[in-house]
Amino acid sequence: MNEDIRIHSWPCSYYLDTSKQWVSGRLSLTPVVIKFTADKTGELLVSFHLSSISEIKKESSNLIFSSLTILEKNTKHWFSSLRPSRNVVFNILEHFWREQLLSSQGAGAEAAALQSTKGKELTGLLTGSQKRLEDTAKVLHYQGEQFDNIMKGLNKIEGDMDVADRLLTELESPSWWPFSSKLWKAPLETKPKETATVSDSKNQEGIIIRIPVIITHRTDANVKPGKLTLFASGLEISDCNSQVVHRFESKDVDDIRVHTPYEISVRQRFIGKPDTSYRLLSAKMPEVIPILEMQFSKKIQFLEDALGFVGARNSPQVDLGTSIWQAATGLLGGVVQPSSPVGGKEGMDNDQVQLQKHEKISQEEAKELKQMLKKLKGLALETEAELERQDEALDSITTSVDRATLNIDKQNRRIKKLT
């Protein structure tokens, strides 16, 4: 992810200690850095890493009201006249600061990461790929259940229409017709006994992913921390006390806009009353957006600042298993056997060439990577098989709906003749 992308910026004033005066400008937040730029001169007066912050507080004094202070190493930075409000800026800065500390565990973790082996790095990459594949499998499994329920419903409709057809035939028959009783009794004797089934899929439904978010509802001033939980059937927004603020079922979502890789908005439209819309900001949002893109492919929209995040995810879903397996196998082959190119020199970029020349991994790491690749291949093939099954189910549903529509039109014409 580009660390220079601007997540948010706010107009405010900064206390410049060298000149003992307040300077108007803009406070900007990127995924890893906080900056302040003066309005008049355009000079960058403040720039420091989130991991170097030891404290963020809301403070005031006899001379300074509604101020925000950031303790960076041994320097205390004062910001005032924050718009839209101090609370909004505080909640967002604190969220990204805490997530940065949790993800990197400060500067010590960054130093340790530099000393990690290439095998550990590859293991981390494959672990992320495995997690995304598992999330994809959960969504596809739920969609498969929905298709199965639709097919059961259509089969019941076809059975009911057969009964209606027999009843209409009885009504159309003359009173002297000797086989009337058989027409009446046939459906009653052959009709299978329907048992009421209560779907408890919602109770058994698992959580795909849950992340901390900053929730904005309607106005910028109404900002509070909370959580976003993604299910296969929809998404749920809750506050920091785990109280549900709003749940969107998949069918209720009219559009999802990706403003930046860290901020989205979810909306449900209504006729005659205001739309229900929530804006969600999170340092963990890049992990959620690929899942949302798959679940709501026809409803999600990437705005200008988020177009770079789309990347190369434009390949057809049916090639998912093959593409993941080929990429992973090529990556491992290039590391385990640095001297032998995989797929020819033409297919490798400079990073892969450098990797093959200078990087080696231990036998234990290679064994672990091969096991992960084997599991990845199995997940990818299962995903591909499920996609093919759902394509066939969708074709069957389309055929059944067309057939049911024709039968309904036919029976409507027969009813009109009888009346």
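By convention here, each chain's residues receive numbers from 1 onward along its written sequence. The predicted nature of this model means local features are confined to residues of pLDDT at least 70 and side-chain atom pairs, given and counted, to a pLDDT of 80 or more, with totals for whole chains, interfaces and linings taken over all residues. With hydrogens and water set aside, each side-chain value is computed from the structure's full complement of heavy atoms.

### A few points about the sheet that holds strand β3 (residues 33–38)
Note on pairing: DSSP must find at least two bridges between two strands before they are called paired. Strands here are runs of E lasting at least two residues and helices are runs of H or I lasting at least four, both read from the DSSP assignment and numbered beginning at the N terminus. In space, the seven strands of this open sheet follow the order β4-β3-β2-β1-β7-β6-β5, with antiparallel pairing throughout. The open sheet has two edge strands, β4 (44–49) and β5 (53–59), and neither has a second partner. The average undirected angle you get between the axes of adjacent strands in this sheet is 30 degrees. Here nine bridges tie strand β1 (residues 8–16) to strand β2 (residues 21–29), and the two strands are oriented antiparallel to one another. Looking across to β2, one finds that Cys12 is bridged to Gly25. Here, axes are lines fitted to C-alpha atoms. For helices the fit covers the stretch in contact, and angles between N-to-C directions go from 0 to 180 degrees.

### Looking at the pattern of salt bridges
When a carboxyl oxygen of Asp or Glu is within 4 Å of a side-chain nitrogen of Lys or Arg, the pair counts as a salt bridge. Here the structure, examined in full by the defined rule, presents ten salt bridges. Salt-bridge contacts for Glu236 lead to Arg247; the nearest nitrogen and oxygen are separated by 3.5 Å. Remark: Arg247 occurs in strand β11 (residues 244–249) and Glu236 occurs in strand β10 (residues 234–239); sequence separation between them is eleven residues. The class of Glu236 is buried, set by a relative accessible area of 15%. Partly exposed describes any residue whose relative accessible area lies between the buried limit of under 20% and the exposed limit of over 50%, with all areas from a 1.4 Å probe on protein chains only and scaled to the type maximum.

### A short note on the packing of aromatic side chains
Stacked, edge-to-face and tilted are the three classes for Phe, Tyr and Trp ring pairs, Trp counted by its six-membered ring, which pair at centre distances within 6.5 Å; planes under 30 degrees apart are stacked, over 60 edge-to-face, the rest tilted. Taken as a whole, this structure holds six aromatic pairs when the rule is applied. Between Phe96 and Tyr262, the ring centres sit 6.0 Å apart and the planes meet at 70 degrees, which makes this aromatic pair edge-to-face. Remark: Tyr262 occurs in the loop between β12 (255–260) and β13 (263–268) and Phe96 occurs in helix α1 (residues 86–104); sequence separation between them is 166 residues. Taken as a pair, Phe96 and Tyr262 share a single burial class, namely buried. Counting every residue linked through ring pairs, the aromatic cluster contains Tyr14, Phe36 and Phe79. Sitting above the plane of the Phe90 ring, Lys58 keeps its charged end 4.9 Å from the centroid. Our definition puts a charge over a ring when NZ of Lys or CZ of Arg is within 6 Å of the ring centre and also within 35 degrees of the ring normal. Over the ring of Phe231 we find Arg247, and its NZ or CZ is 4.6 Å from the ring centre.

### A few points about the pairing of β13
Counting buried residues in β13 gives six out of six residues, a clear majority hidden from the surface. Of the two faces of β13, the one holding Glu263, Ser265 and Arg267 and the one holding Ile264, Val266 and Gln268 are both buried throughout. As judged from the five bridges shared by β12 and β13, these two strands associate in the antiparallel manner. Looking at β13, one finds that Asp255 is bridged to Arg267. Examined bridge by bridge, β13 and strand β14 (residues 276–281) share six bridges and lie antiparallel to one another. Bridge assignment links Ser265 to a residue of β14, and that residue is Arg279.

### Observations concerning the confidence of the model for the protein
When pLDDT is averaged along the protein, the result is 74, and 69% of the positions lie at 70 or above. Per-element averaging of pLDDT across the protein places helix α5 (residues 201–204) at the bottom with 44 and β3 at the top with 94. Residue-level confidence of the predictor is summarised by pLDDT, bounded by 0 at the bottom and 100 at the top. Note on contacts: a residue pair is in contact if any heavy atoms of the two residues lie within 4.5 Å. Here residues 106–116 scores under 50 on pLDDT; set against residues more than four positions off or in separate chains, the count is seven contacts. In the model, residues 312–328 has pLDDT below 50 throughout and makes 20 contacts with residues more than four positions away in sequence or in other chains.

### Thoughts on the sheet that holds strand β15 (residues 300–302)
In spatial order, the strands read β11-β10-β9-β8-β14-β13-β12-β15; together these eight strands make up an open sheet with mixed pairing. For this open sheet the edge positions go to β11 and β15, each flanked by a neighbour on one side alone. Here the average twist between neighbouring strands, direction ignored, is 30 degrees. Against the sheet, helix α6 (residues 285–295) touches β8 (207–217), β9 (223–231), β10, β12, β13, β14 and β15, its axis set at about 105 degrees to β8.

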